[in-house]
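# Structure assessment
Okay, here's what each chain looks like letter by letter:
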Amino acid sequence: LSMAVSKIVLPADFGIENLDCAVHGNIEITLKEDQKMRANSMILSLHSPVFQNMFYNLGRTSVELDDFRADVVRQFLSCLYDGKPSIARENFREFYKLAAVFKIDWLKVRCQVAFCGIIKSILVKFGDNASEDEAADVLEEMRWIVDEAVF
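Source: prediction; values computed, not measured.

## Examining helix H2 (residues 49-57)
Residues of H2 that are buried: Phe51, Met54 and Phe55. Across the axial projection of H2, the buried residues extend over an arc of 85°, all falling on one side. Looking at the buried residues of H2, the elements they touch are strand E1 (27-30), helix H1 (41-47), strand E3 (62-64) and helix H3 (70-82). Two residues or fewer after H2 comes Gly59, characterised by a positive phi angle close to 70°.

Here it is in structure tokens:
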């Protein structure tokens, strides 16, 4: 007996407004300083095999993400709902770690592209006719690469 497995299709109106929603939020997320929010297990599982395993195989109804900044976790979860990550220099490291921990390949790629864009914007400042002081400033600014790179 063979059964076809259909792909889950989300309704068009099941968007970002449903993040932290009392009705659709069947998973409790614990953030830093005991802040809490809610998310939908189906949305998270569509993007992550780790979430899928946690919710459907292990039966978990809560996730602790208190190792990460609360604002970054909110941005991370938001991008799983709307597909629009807000990756910046300030949140890059944690965003990438979240994507890596939850094995979200498309988001890891987006983080890598954002990382390259950040490096490019720093290098553009350098230019061909930069003075020694300008070069030193650019190199100092780029020092964060060593601290932030997690690839």
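Still to come is the rest of the account.
## Quick word on the pairing of E1
Note that E1 and strand E2 (residues 36-39) share four bridges and pair antiparallel. Looking across to E2, one finds that Ile29 is bridged to Met37. The loop that links E1 with its antiparallel partner E2 comprises five residues; one of these, Glu33, has a positive phi angle of about 55°. Judged from the three bridges that link them, E1 and E3 form a sheet pairing that is parallel. Bridge pairing links Glu28 to Ser62 in E3.

## Observations concerning the environment of Val73
Summarising the element assignment, Val73 is placed in helix H3. For Val73 and Leu31, which are 42 residues apart along the polypeptide, the C-alpha to C-alpha distance reads 7.6 Å. Excluding residues within four positions of it along the chain, Val73 makes contact with Ile29, Leu31, Leu65, Phe68 and Leu98.

## Quick notes on the pattern of salt bridges
Tallied over the full model, the rule gives four salt bridges. Note that Arg69 is salt-bridged to Asp71, the shortest N-O span being 3.0 Å. With relative accessibility at 31%, the residue Arg69 sits in the partly exposed group. With its nearest N and O atoms 3.8 Å apart, the salt bridge here joins Lys108 to Asp105. Here Lys108 and its partner Asp105 are both found in helix H5 (residues 105-126), three residues apart, which amounts to about one turn of the helix. Its relative accessible area of 24% is what places Lys108 among the partly exposed residues. Through salt bridges that share partners, Arg69, Asp71 and Glu94 make up one connected network.

## Looking at the packing of aromatic side chains
Under the counting rule described, the total for this entry stands at six aromatic pairs. On the basis of an interplanar angle of 25° and a centroid distance of 6.2 Å, the ring pair of Phe92 and Tyr96 is categorised as stacked. Here Tyr96 and Phe92 lie together in helix H4 (residues 92-101), a separation of four residues that amounts to about one turn. Exposure remark for Phe92: the relative accessible area of 0% places this residue in the buried category. Overall, Tyr96 belongs to the buried group, its relative accessible area being 7%. An aromatic cluster is defined as three or more aromatic residues linked by ring pairs; in this entry it consists of Phe51, Phe55, Phe76, Phe95 and Phe102.

Criteria and cut-off values
Residues numbered from 1 in each chain as written. Predicted model: local features only at pLDDT ≥ 70, side-chain atom pairs only at ≥ 80, totals over all residues. Heavy atoms only, no water. Buried < 20%, exposed > 50% of the residue type's maximum accessible area, 1.4 Å probe, protein only. Helix = DSSP H or I, 4+ residues; strand = E, 2+ residues; numbered from the N terminus. Arc of directions from axis to C-beta. Contact = heavy atoms within 4.5 Å. Pairing = 2+ DSSP bridges. Salt bridge = Lys/Arg side-chain N within 4 Å of Asp/Glu carboxyl O. Phe/Tyr/Trp six-rings, centres within 6.5 Å; stacked < 30°, edge-to-face > 60°.

Interpretation in functional terms is not warranted from these geometric data alone.
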